[in-house]
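What follows is the residue order along each chain.
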Amino acid sequence: MSSNTPLLDVSGLTKHFPVKGGFPIRRTIGAVQAVDGLDFQVAEGESLGLVGESGCGKSTTGRLITRLMEPTDGKISYRGQDITHATRKQLAPVRSEIQMIFQDPYASLNPRQTVGKIIAGPMEINEINPAGGREKRVRELLEIVGLNPEHYNRFPHEFSGGQRQRIGVARALALQPKLIVADEPVSALDVSIQAQVVNLLQKVQRDLGIAFVFIAHDLAVVRHFSQRVAVMYLGKIVEIADRDDLYGNPRHPYTRALLSAVPEATVEETPARERIRLQGDVPSPINPPSGCRFRTRCWKATEKCASEAPPLVQVEGNKAGHLTACHYPETAETVPAPRLAKDSEPAA
Ligand SMILES: Nc1ncnc2c1ncn2[C@@H]1O[C@H](COP(=O)(O)OP(=O)(O)OP(=O)(O)O)[C@@H](O)[C@H]1O
Ligand code: SF4
Ligand SMILES: [Mg+2]
């Protein structure tokens, strides 16, 4: 692998779920366009944040790149190797390098297994015997994630939510991965615990050089964690940029709206901080709007937005690597139009 080959390279990634209907013979009558043509890269050791409202396709993207799900279209390369349709056997060496951490630390740990067994699980499945034995490695992992190595024989219910997520992190680290997809790893935790787990992940990223795709609902969480951030809307990336460019110079109206909902303290330098409350609901991914998918909620939509899908490109005024999919990108001076109800109440 040459030094500029990204660790993960995704192009045109698409997942459509068939919708069945009809009587007496059920047939495919449509498709949920959950993920619709994503292009992005993740460099070695880098953290990419993936942000968007519920149902925009974040988890599906995570499951596609960890190959828990087959894509409908597109290509996934890992270290330059095309793994899009690799078989279980072909995937084996790569599987251990790509791990996933899930949102719910309760559901993702087997309640009948000891912590030692849970963390050693991936080593057993992959028949890996580290020097000094699996138990020694498990104790090391417990220590890395800030748990007492003596608690090897305890069961998940004996731990708090935050500690359980630490167990999930230890399990993900067992095979020395190069890439971790973390799907809302702190959303289910108490706010007071969230920062501790984010700090742990940050430490893991830094000390062990592991790349992350960090999935989150809002821009506040990923701000402290991700060097680059992609914003998704209805199965598409609408904006992607280095952290400072995205938070300091949001060009897509949707990014702007999401940022306006982030608590003041975390985005102090963002221009025009009026709160934008988006009108209406997210349209169905079965029948997404023509042209720009955001147009039904955008205060600047024109006929062009309905007829032409805006490409994800470096629009004028963006730095290199900052891509925006909008015909009329925001500027620092753009003030949200009056059609949008601006929220005068303090952010809850
Ligand atoms: N197995 C499936 N079969 C059919 N539709 C699915 C399936 N999985 C997801 N979807 C649909 O695909 C779309 C994207 O779902 P996904 O779970 O990826 O969104 P998300 O961004 O992770 O949402 P959330 O923030 O709620 O976790 C949704 O409309 C969802 O209902
Ligand atoms: S392309 Fe048009 S509808 Fe879409 S975000 Fe830009 S201005 Fe709004
Ligand atoms: Mg999800």
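Residues numbered from 1 in each chain as written. Chains lettered and ligands numbered in written order. Predicted model: local features only at pLDDT ≥ 70, side-chain atom pairs only at ≥ 80, totals over all residues. Heavy atoms only, no water.

This brings us to empty space enclosed by the protein. Taken as a whole and judged by the stated rule, the model has three cavities of 30 Å³ or more. As a volume, the largest cavity reaches approximately 90 Å³. Around the largest cavity, the lining is made up of 13 residues, and of these Pro253, Cys292, Cys298, Cys305 and Cys326 lie nearest the centre. Residues belonging to the lining of the largest cavity are distributed by class as follows: nine nonpolar, two polar and two charged. Forming the walls of the second largest cavity are Ile65, Thr66, Arg67, Ile83, Leu91, Val94, Arg95 and Ile98. (1 Å grid on protein atoms, 1.4 Å probe; cavity = no way out; pocket = protein on both sides within 12 Å on 5 of 7 lines; lining within 4 Å. Points joined across faces, edges and corners; volume = space filled by probe spheres on them. Nonpolar A, V, L, I, M, F, W, Y, C, P; charged D, E, K, R; others polar.)

Turning next to the packing of helix H5 (residues 161–173) against helix H6 (residues 191–208). Remark: H5 packs on H6, axes separated minimally by 10 Å, with the N-to-C direction vectors making an angle of 20°. By the criterion of interaxial angle, the relationship of H5 to H6 is roughly parallel. When the axes of H5 and H6 are compared, the crossing they make is right-handed. Where H5 approaches H6, its residues Gly162, Gln165, Arg166, Val169 and Leu173 are matched on the opposing element by Ile193, Gln196, Val197, Leu200, Leu201, Val204 and Leu208. Split into classes, the residues belonging to the contact of H5 with H6 amount to eight nonpolar, three polar and one charged. (Axes fitted to C-alpha atoms, helices over the stretch in contact; angles between N-to-C directions. Helix = DSSP H or I, 4+ residues; strand = E, 2+ residues; numbered from the N terminus. Parallel < 35°, antiparallel > 145°, perpendicular 65-115°, else oblique. Left-handed = near helix turned anticlockwise from the far one by under 90°. Contact = heavy atoms within 4.5 Å.)

One pass over the structure, following the stated rule, counts five aromatic pairs. Where Tyr233 meets Tyr254, the ring centres are 4.7 Å apart and the plane angle is 65°; that geometry is what we call edge-to-face. Taken together, the residues span a long stretch of sequence, with Tyr233 in strand E9 (residues 228–233) and Tyr254 in helix H9 (residues 253–260) at a distance of 21 residues. Overall, Tyr233 belongs to the buried group, its relative accessible area being 2%. Judged by centre distance (5.0 Å) and plane angle (85°), the rings of Tyr233 and Phe294 are edge-to-face. Of this pair, Tyr233 sits in strand E9 while Phe294 sits in the loop between H9 and helix H10 (303–307), and the two are 61 residues apart along the sequence. (Phe/Tyr/Trp six-rings, centres within 6.5 Å; stacked < 30°, edge-to-face > 60°. Buried < 20%, exposed > 50% of the residue type's maximum accessible area, 1.4 Å probe, protein only.)

Here the focus is the sheet that holds strand E8 (residues 211–216). Overall, mixed pairing links the seven strands, which are arranged E6-E7-E8-E3-E9-E10-E11 in an open sheet. Unpaired on one side and paired on the other, strand E6 (98–101) and strand E11 (323–324) mark the two borders of the sheet. Across the face of the sheet, H6 comes into contact with strand E3 (47–51), E6 and E8 while running at roughly 155° to E8. Against the sheet, H9 engages E3, E9 and strand E10 (236–242), with an angle of about 105° to E9. (Pairing = 2+ DSSP bridges.)

Taken together, 14 residues lie around ligand 1, and Ser54, Gly55, Lys58, Ser59 and Thr60 are the ones closest in. Note that an oxygen atom of ligand 1 is positioned 3.1 Å from one of the backbone N or O atoms of Gly57. Within the contact set of ligand 1, an oxygen atom lies 2.8 Å away from a side-chain nitrogen or oxygen of Ser59. Look at ligand 1: alone it shows 630 Å² of surface, and the protein chains cover 63% of it. Listed by contribution, the elements that provide at least two residues to the shell around ligand 1 are strand E2 (27–42) and helix H1 (58–65). It is H1 that provides the largest number of residues to the shell around ligand 1, a total of three residues. Counted by class, the shell around ligand 1 contains five nonpolar, six polar and three charged residues. (Near = heavy atom within 4 Å. Polar contact = N/O pair within 3.5 Å; in protein donor to acceptor, adjacent residues only side chain to side chain. Areas by Shrake-Rupley, 256 points an atom, 1.4 Å probe, with all protein chains shown as cover.)

Turning to the side chain of Glu46, a few remarks are in order. The residue Glu46 is located in the loop between E2 and E3 in this model. Judged by its relative accessible area of 13%, Glu46 is buried. Residues within four places of Glu46 in sequence aside, it is in contact with Gln41, Gln205, Ala211, Phe212, Gln227 and Arg228.

Around ligand 2 there are 13 residues in total, and Cys292, Cys298, Cys305, Cys326 and His327 lie nearest to it. Cavity membership is defined here by more than half of the atoms lying within 2 Å of grid points; on that basis ligand 2 lies in the largest cavity. Of the residues assigned to the shell around ligand 2, the class counts are nine nonpolar, two polar and two charged. (Sits in = over half its atoms within 2 Å of the grid points.)

This part is about the pairing of E10. With five of seven residues buried, E10 lies mostly within the body of the structure. Bridge analysis of E9 against E10 gives six bridges, and the strand direction is antiparallel. If you follow Ala230 over to E10, its bridge partner there is Ile240. For E10 and E11, the ladder comprises two bridges, and the chain directions are antiparallel. Along E11, the bridge assignment pairs Glu239 with Thr324.

On their own, these measurements won't tell you what the molecule is for.
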